[in-house]
Amino acid sequence: MDFNVKKFASDAGIFFTRAIQFTGEKFGQVEKTELDAHFENLLSRADSTKNWTEKIFRQTEVLLQPNPSSRIEEFLYEKLDRTVPSRPNNEELLGHYMQDAAKDFGPGTPYGSTLIKVGDCERRLGSVQREFLQTSAISFLTPLRNFLEGDWRTISKERRLLENRRLDLDSCKARLKKAKLAESKAAAVPDFQETRPRNYVLSASASAAEHELRVAQTEFDRQAEVTRLLLEGISSTHVNHLRCLHEFVEAQTAYYKQCHLHMQDLQKELDRFPNAFAGNPGHSMASGGSSPMDPASAVETDTLKIEEVQAPATGTRKAKVLYDYDAADTSELSLLADELITVYTVPGMDSDWLVGERGNQKGKVPVTYLELLS
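Residues numbered from 1 in each chain as written. Predicted model: local features only at pLDDT ≥ 70, side-chain atom pairs only at ≥ 80, totals over all residues. Heavy atoms only, no water.

For the protein chain, an unreviewed UniProt entry supplies the name Endophilin-B1 and the organism Hucho hucho.

Of all 5 residues making up strand E2 (residues 340–344), 4 are buried, and the element is well covered by its neighbours. Direction of pairing for strand E1 (residues 317–321) relative to E2: antiparallel, over a ladder of 4 bridges. Bridge assignment links lysine 318 to a residue of E2, and that residue is threonine 342. Across 3 bridges, E2 lies against strand E3 (residues 353–358) in antiparallel orientation. The partner of threonine 342 across the bridge, within E3, is glutamate 357. (Buried < 20%, exposed > 50% of the residue type's maximum accessible area, 1.4 Å probe, protein only. Helix = DSSP H or I, 4+ residues; strand = E, 2+ residues; numbered from the N terminus. Pairing = 2+ DSSP bridges.)

In the sheet, E1 pairs with strand E5 (residues 370–372) via 3 bridges, with the strands oriented antiparallel. Note that in E5 the partner of alanine 319 across the bridge is leucine 372.

Under the 1.5 Å per step criterion, the end-to-end length of helix H7 (residues 234–271) is 55 Å for 38 residues, consistent within 8% with the ideal 56 Å. Those residues of H7 that sit buried are Ile234, Thr237, His241, Cys244, Phe248, Ala251, Gln252, Tyr255, Cys259, His262, Leu266 and Leu270. (Expected span 1.5 Å × (residues − 1).)

With that settled, consider the pattern of salt bridges. Taken as a whole, this structure holds 14 salt bridges when the rule is applied. Measuring nitrogen to oxygen at the nearest pair gives 2.6 Å for the salt bridge that ties glutamate 92 to arginine 130. Here arginine 130 lies in helix H5 (residues 110–188) and glutamate 92 lies in helix H4 (residues 90–105), a separation of 38 residues in the sequence. For glutamate 92, a relative accessible area of 17% translates into the label buried. Here arginine 130 falls in the partly exposed class, since its relative accessible area comes to 26%. Where glutamate 163 meets arginine 166, a salt bridge forms, and the shortest distance between an N and an O atom there is 2.7 Å. Taken as a pair, glutamate 163 and arginine 166 lie in helix H5 at a separation of 3 residues, close to a single helical turn. Taken together, the shared-partner salt bridges connect Asp36, Glu225 and Arg228 into one network. (Salt bridge = Lys/Arg side-chain N within 4 Å of Asp/Glu carboxyl O.)

The following block contains the structure:
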């Protein structure tokens with residue numbers, strides 16, 4: 001690698017000269033070439049676009065992937081140009097756990113069968129979410145990232161060049177002003193012994209400064225036009241981001257719609273199987289929904305009178321109450337969670353109900369609220 005000492009020294013000198021000039025401008029000690037109002041508006045609009053695009057991009061990343069560790073991992077894989085390993089998302093993992101739990105509890109039990117149904121629904125929701133994340137990343141995140149890492153970097157580079165050209169132009173203006181001032185002083189107080197040589201040198205210095213100023217002005221104008229075209233392209237960026245925003249909204253709408261349909265299907269499926277519910281039928285009626293097990297339809301009270309039912313000599317069992325239950329009428333027995341009662345069945349009673357006894361109290365109880373003990 002060649003190292004040019006002269007070039008390095010020249011670049012360092014230019015850097016320090018510009019730094020001093022820039023500092024002087026901040027303190028109002030030197031003149032500064034001002035850009036026109038339209039150009040300043042373009043700069044302000046571009047900065048605002050960059051700042052808000054960056055915030056929207058970061059927050060969308062958080063929305064799509066709340067786990068910061070996963071976001072860092074995806075960023076590293078992207079920078080290494082490698083594919084991110086496929087892993088189950090939270091919904092898929094929850095569905096898997098539910099189905100494994102159902103196998104352990106017994107798929108034939110009310111709780112186990114419900115776990116299977118809900119777990120399958122959760123896995124479908126996870127699949128829908130995976131598709132939504134992929135679509136959103138391609139249609140929304142990628143265009144925003146391309147702007148921040150591509151177009152904006154180009155704009156920033158050209159703006160830095162424009163700022164350097166402006167500093168060079170102001171420096172040339174200052175040199176010309178200094179040369180003109182020296183020339184005017186020499187003309188006002190002539191030295192009769194060295195008039196011609198000194199005036200000649202000052203005039204040549206002013207001419208050289210004028211030439212440098214014209215070159216600097218040309219380079220500044222050319223760079224200003226390049227930067228202006230890039231800044232005016234922000235309007236096209238807004239149009240592109242608007243289209244991407246519509247696609248993102250459509251992806252969200254489709255995602256939530258599919259989730260809603262899956263949950264509706266699950267609810268309908270559970271409604272067809274009352275034993276899958278763990279809620280109190282009385283509470284369901286109070287909330288405006290239909291009770292999953294209506295006592296009036298489940299047991300024919302006209303043909304079966306609880307007070308006349310006698311416990312059989314054999315066939316009685318102990319049962320543990322799983323959930324609180326409020327009796328709907330005098331033929332039913334109210335239950336408290338975790339208490340033990342004696343239950344048995346009698347001819348003519350619906351299979352979803354049993355007769356329960358607790359001391360001197362007796363009444364119908366729903367099977368789904370009980371865990372029959374051996």
